[in-house]
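Below are the chains, spelled out letter by letter.
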Amino acid sequence: MIFKDITDSNFNGIKISSYHEFEHEKVYYYEDSNIGLKSLVAIHDSSKGPAIGGCRYKKYDSFEDGLNDVLRLSRGMTHKNNVAQIPFGGGKAIIFKEGKKSKNLLQSFADFLNLLEGKYISAEDIGISLEDIRFIKNHTDHVFDNIDPGPYTAKGIFYAIEESIDFYYSESLLNKTISIQGAGSVGKKLADHLSNAGAKVFISDIDKEKLDHINDPNIICVDDAFTFQCDVFSPCAVGAIFSKSSIKNLNCKIIAGGANNQLQDLSVANDLYENGIIYIPDILINSGGAIGLTKDIMHRNEDETELDLRNIASRVRKALIKSQKHSISLQDVLKELLV
Ligand code: NAD
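Conventions we followed
Residues numbered from 1 in each chain as written. Predicted model: local features only at pLDDT ≥ 70, side-chain atom pairs only at ≥ 80, totals over all residues. Heavy atoms only, no water. Core = buried A, V, L, I, M, F, W, Y, C linked by side-chain atoms within 4.5 Å. Buried < 20%, exposed > 50% of the residue type's maximum accessible area, 1.4 Å probe, protein only. Helix = DSSP H or I, 4+ residues; strand = E, 2+ residues; numbered from the N terminus. Domains from an automatic or database assignment. Contact = heavy atoms within 4.5 Å. Near = heavy atom within 4 Å. Polar contact = N/O pair within 3.5 Å; in protein donor to acceptor, adjacent residues only side chain to side chain. Areas by Shrake-Rupley, 256 points an atom, 1.4 Å probe, with all protein chains shown as cover. Buried area = accessible area lost by both parts, 1.4 Å probe. Salt bridge = Lys/Arg side-chain N within 4 Å of Asp/Glu carboxyl O.

## Description of the nonpolar core
Right, so step 1: One finds Ile 161, Ile 180, Leu 190, Leu 194, Ile 280 and Ile 285 to be the most contacted residues of the largest nonpolar core, which totals 54 residues.
Right, so step 2: Considering each element in turn, this core owes the most residues, eight residues, to helix H4 (residues 149–169).
Right, so step 3: Two domains share this core, each providing at least three of its residues, namely domain 1 (2–145) and domain 2 (150–337).
Right, so step 4: In this structure Ile 280 touches Ser 164, Ile 254, Ile 255, Ala 256, Ile 285, Val 316 and Leu 330, once residues within four positions along its chain are discounted.
Right, so step 5: Judged by nonpolar contacts, the second largest core, of 23 residues, contains Ala 51, Phe 112, Ile 128 and Ile 133.

Listed below in structure tokens is the structure:
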């Protein structure tokens, strides 16, 4: 077993603290070769409290690919928590997917969390389910197993979309067209809320089985939500989907979705702005899951939590007003919120 603070090390040929995405407090590596677990935890900022963030179980092309992901995601968690005024720090874990996800692997990840002694508290993310987290909870206290964050994230994004439609058209969601990429935990629930509000909802998923479970006649499955003509495109699948070239295929007026790190690089926000597309940064609207996960620890009841979710929309309105007033993108408005 290897447990190592690699922050100041040269690890796998990379001087971690000189890496271009690094502006972190700590990066830890854990390896359990008997089980086949290789994992990283990045703690971006714990000045406001223990670092929280999901654990992603994913196949990475290289160590650097995983490092890059965990650094970007953990920084995003700090920013997300700060914007939503959640008094926790930002962190993230990744597990390099190699063989099969097993109970032994999850238990070994719990051992890693125990070695971190509560500096990082984990929830689920892509590849790790609430069921997995509940199993891990048998072996460590340092996980959030109180709720499935997806529906909370979806609710916050729903309010944000409703607000942005009201801002843009001074109209309700009735008959507005919303195209969602990804029918997972967030996308599916978001589709339900939008359909209930009278929107015309279109949804795509590369996993066709996810679409088989949709039987609401107001939710139509499409091959590719990205290019679909709509009022709002909502990316709820994977990150890095917007690049200088890919955005030429967009057919929407507003972008508002849950996926983390949607821009391949931040300059794409300006390209979207120049193209007349309102891009609402993920950090501004996908904090519903973190709000739900921390509600019990912060003694927030359901009514207060609902208010916290609705406040996401209030922040979106304020940011939209500022963007209009100063003729700047929402990404630039967000920069001011983060200082
Ligand atoms: P999920 O794994 O439950 O669902 C993602 C879905 O996207 C899957 O069904 C997958 O098949 C599909 N998908 C992958 N690539 C696709 C593509 N190119 N086109 C269409 N569909 C594709 O994940 P989730 O919990 O719903 O989260 C969605 C996104 O939101 C992720 O990027 C996640 O990091 C982010 N996020 C989630 C939460 C949360 O509370 N779950 C919170 C914040 C951010």
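## Re the site of the ligand
Right, so step 1: Close to the ligand lie 24 residues, the nearest being Thr 153, Val 186, Asp 205, Lys 210 and Ala 237.
Right, so step 2: Here Thr 153 contributes a side-chain N or O atom positioned 2.7 Å from an oxygen atom of the ligand.
Right, so step 3: Contact between the ligand and Ile 206: a nitrogen atom at 3.4 Å from a main-chain N or O atom of the residue.
Right, so step 4: When isolated, the ligand has an accessible area of 820 Å², and the protein chains bury 81% of it.

## Brief notes about the domain arrangement of the protein chain
Right, so step 1: Splitting the protein chain by domain gives domain 1 (2–145) and domain 2 (150–337).
Right, so step 2: A C-alpha centroid distance of 26 Å is found between domain 1 and domain 2.
Right, so step 3: The contact between domain 1 and domain 2 buries some 1500 Å² in all, and 70% of this surface belongs to carbon and sulfur atoms.
Right, so step 4: Ranking the residues of domain 1 by area buried against domain 2 places Arg 72, Lys 80 and Val 83 at the top, with a combined share of 39%.
Right, so step 5: Applying the counting rule to domain 1 against domain 2 returns zero salt bridges.
Right, so step 6: Our count for the domain 1 to domain 2 interface comes out at two residue pairs in polar contact (both at pLDDT 80 or more).
Right, so step 7: Within the residue set of the side of domain 1 that touches domain 2, elements represented by two or more residues are strand S6 (51–58) and helix H1 (63–83).
Right, so step 8: By residue number, the principal contributor to the side of domain 1 that touches domain 2 is H1, which donates seven residues.

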